[in-house]
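Structural overview
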Amino acid sequence: MPERTESDSRKLLGRLRDAMAGDVAGQARLDKITHLIATSMGCEVCSIYLFRDENTLELCATEGLKEDAVHQTRMKVGEGLVGRVAKRRQVINTPDAPQARGFRYMPETGEEIFSSFLGIPIQRLGDALGVLVVQSKMAREFSADEVYALEVVAMVLAEMTELGAFVGEGEAMSARHSHAVLVRGTVGQEGVAEGHVWLHEPRVVVSNPIADDPEREAQRLQEAVDALRVSVDQMLTMSIGDKDQQQVIEAYRMFANSKSWMRRMQEDIVQGLSAEAAVEKEQSLARARIGQSADAYLRERLSDLDDLSNRLLRILTGQGSDTGADMPSDPILVARNIGPGELLEYGRSLRGIVLEQGSVGSHAAIVARALAIPLIVHASRISTEALNGDHIMVDGEQGIVHLRPDDTVASAFRDKIAMQAAAQERYSSIRDKPAMTTCGQTIALHMNAGLMADLPSLANSGAEGVGLFRTELQFLVRNQMPKRSELSTLYARVLGAAKGKPVVFRTLDIGSDKVLPYMKPNDEPNPAMGWRAIRVGLDKPGIMRMQLQALFRAADGRSLTVMFPFIAQFDEFRAARAEVDKTLAREARLGHTLPSSLKIGAMLETPSLAFAPQKFFEEVDFLSIGGNDLKQFFFAADRENERVRKRYDTLNVSFLTFLQDIANRCIQTDTPVSFCGEDAGRPVEALCFAAIGFRTLSMRPASIGPVKSLLRRCDLNEVRDVIEAARDRGDQSVRSAMMNYIRGKY
Ligand code: PEP
Ligand code: MG
């Protein structure tokens, strides 16, 4: 085998480009490429396998294997040597393939006679597209130069695949970005929506992966990196005073000045890649490593590098976030992730949101809920699959996204939308009616809120008041700590919008999953059970006092209701109340008008508080069950962890019994109690809560209609009988018995 030189690789890339440029159908192009590579590498075989679906690779072209095997030979990811390359996204280079781990004999290809095997993943920005393989009869390991040259070729193939260069008639691969795709994710906010894709950050398209003037490309790269360094320095100057942000930008600077990063890209250019393709090759490697690294610190640094590469690509291609495309009239936002502030800027113009990352408890999810926009998170690969303007349907009931759906799916989905619209009609017809059961019991339905965007729902939903105003949301969607005067104006607007309806302001509940962007996160092993909510409030009373003052001033002589989060023992409530008294006295001294009446309550979110002394129940003005937290601590199951969260049903008999005991204690002590966790907004759960003694429920505005509609059909005595019977039978959950009961009501 002759030694290969740099110019060999360049020649190969040059010929590849010619092959791509010719006016031939996709399959012919692929065939030409495998022929070119095999000849140029001096190997008997070159094959290209591409993904047919998420789990299956298909032999799409070959030089040297049996022709009949093309489009017939398929393998699962992980299966055989080719499948292993795809799965691990790593090169396999072996002189003795039949002896290598994972080898699978495929008689239809006639492959047993080939000894050496070199498999290279074809990937683009961490997105696996296929595998490029060369094989030879002579047993030998391919040299580092050869591996490198084929990696460069694979990179170009990836670019070409992305651009649809192999799309053609007959057996050729189907076009990427043109076929229907179904993506499963997790529901962040219920609802269904149909519209067209609007990419939050459109991908940079590299249309010129191969270049024939390396000097010019090297110069372009140098100029772009110089511009990048200047912009990073500017970012650094702007971030002075913000330590956390500075740390990130310092990491950017380190990469931007990294000699080895630059050297690797220069080497790729010498091999024949364009400056853009060289940057993207580095970026792809970094992304692949993000997926494989177990080290959180390393993953973060690799993400920094990813972000930096994006910036560099935008400089090189001149493609900014603004690509000149017009936002469709029915936009469904697709993004890898998005911050709450950015989402608020889009506001109610969006029909739906699909995120590749994100989580149910993320701040973006909180904002999506406030805006009542259907949201799917963890929708894998969506940001690489979707293109601006693609037809998309978001099923926020099932957690499914249909991208470019075919007609059958689209029409079934439209039936679903129509059914939802009909239900909404029904709900609005009972909006001004009370949630009165057939046995004559009225349940007060309030709404949960936290952003100004929530306020219109007060009138629209028929809520009797705001049962939980999560004040931390205002802190979470900003980049810096809000001032007291800003808060006071905001709270006054909330009270104004409520027009005399009650509003329960919960003091700041930060910590756990709610980390303020401008506060240093605490490195706690178990943040949900860590320094959070009232624990922070009492240990660092400055912010709590500031917030209380803002609330008192906003009330400006009106009545006010305040609630403390996460009270786990009586003393915490007493200490918090003492802060209220101190702040009131100070406000009076300063000559401010005090609230006409003040109610101070506690959230019951830890099982411990259910067993607090009788005196606590007598002293507290009211209680509100924070079911999200209470349930996670009752079952010891993280509310953010889908795997364990779903194991335990809210209608589990033990949990219902526990809740009923709390309701009974409140009845005995005449303590007003409400339930404000997410479960209060689920109709079946809400019905059970009403039956076991809760007379006030607070929920997302969109849940008020469905909950009211069910309550108005049911008799709480009957519901209690159903629960009792399930208990007597020893059922684990009362859900199936309840579902049977409810079916009879429709
Ligand atoms: C709860 O825990 O149920 C609750 C309402 O508070 P949050 O969801 O904000 O923690
Ligand atoms: Mg809570």
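Residues numbered from 1 in each chain as written. Chains lettered and ligands numbered in written order. Predicted model: local features only at pLDDT ≥ 70, side-chain atom pairs only at ≥ 80, totals over all residues. Heavy atoms only, no water.

For the protein chain, the helix and strand inventory stands at 28 helices and 23 strands. Classification of the 746 residues of the protein chain by burial places 55% in the buried group. Relative to all contacts within the protein chain whose residues are 6 or more apart in sequence, the contacts with residues 24 or more apart total 67%. Here the protein chain carries 91 positive and 100 negative side-chain charges, and the mean point of each set is 6 Å from the other. (Helix = DSSP H or I, 4+ residues; strand = E, 2+ residues; numbered from the N terminus. Buried < 20%, exposed > 50% of the residue type's maximum accessible area, 1.4 Å probe, protein only. Contact = heavy atoms within 4.5 Å. Lys, Arg positive; Asp, Glu negative; His and termini not counted. Charge placed at Lys NZ, Arg CZ, Asp CG, Glu CD.)

The strand order across the open sheet formed by eight strands is S7-S14-S13-S9-S10-S11-S12-S8, and the pairing between neighbours is mixed. Of all the strands in the sheet, the pair left with one neighbour each is strand S7 (181-184) and strand S8 (186-189). Neighbour-to-neighbour, the strand axes of the sheet open up by a mean angle of 30 degrees, direction not taken into account. Sheet analysis places S8 next to strand S12 (residues 375-377), joined by three bridges and oriented antiparallel. Directly across from Thr186, in S12, lies its bridge partner Val377. (Pairing = 2+ DSSP bridges. Axes fitted to C-alpha atoms, helices over the stretch in contact; angles between N-to-C directions.)

Alignment of strand S16 (residues 442-449) against strand S23 (residues 696-699), held across four bridges, turns out to be parallel. Within S23, the position partnered with His446 by the bridge is Ser698. Handedness of the crossover joining strand S22 (residues 673-675) and S23 through helix H25 (residues 683-691) is recorded here as right-handed. (Right-handed = clockwise from strand over helix to strand, strands pointing away.)

All chains considered together, the criterion is met by three cavities of 30 Å³ or more. As a volume, the largest cavity reaches approximately 110 Å³. Every residue along the wall of the largest cavity is listed here: Thr507, Leu508, Ile510, Ala533, Ile534, Val536, Gly537, Lys540, Ile543, Met544 and Gln547. Looking at the lining of the largest cavity residue by residue, the class counts come to seven nonpolar, three polar and one charged. (1 Å grid on protein atoms, 1.4 Å probe; cavity = no way out; pocket = protein on both sides within 12 Å on 5 of 7 lines; lining within 4 Å. Points joined across faces, edges and corners; volume = space filled by probe spheres on them. Nonpolar A, V, L, I, M, F, W, Y, C, P; charged D, E, K, R; others polar.)

So, on to the domain arrangement of the protein chain. For the protein chain, the domain assignment lists domain 1 (6-162), domain 2 (181-202 + 323-420), domain 3 (214-317) and domain 4 (431-743). Inter-centroid distance (C-alpha atoms) of domain 1 to domain 4 is 59 Å. (Domains from an automatic or database assignment.)

A full pass over the atoms with the stated rule returns 15 aromatic pairs. Aromatic pair Phe566 and Phe633: ring centres 5.8 Å apart, planes at 65 degrees, arrangement edge-to-face. Here Phe566 is found in strand S19 (residues 560-567), whereas its partner Phe633 is found in helix H22 (residues 627-634), with 67 residues between them in sequence. You'll find Phe566 and Phe633 in the same group, each marked buried. An angle of 50 degrees between the planes, with centres 5.1 Å apart, marks the rings of Phe634 and Phe655 as tilted. Pair noted here: Phe634 is in helix H22 and Phe655 is in helix H24 (residues 653-669), with a separation of 21 residues, a long-range link. The exposure class of Phe634 is partly exposed, given its relative accessible area of 28%. Counting every residue linked through ring pairs, the aromatic cluster contains Phe611, Phe634, Phe635, Tyr648, Phe655 and Phe658. (Phe/Tyr/Trp six-rings, centres within 6.5 Å; stacked < 30°, edge-to-face > 60°.)

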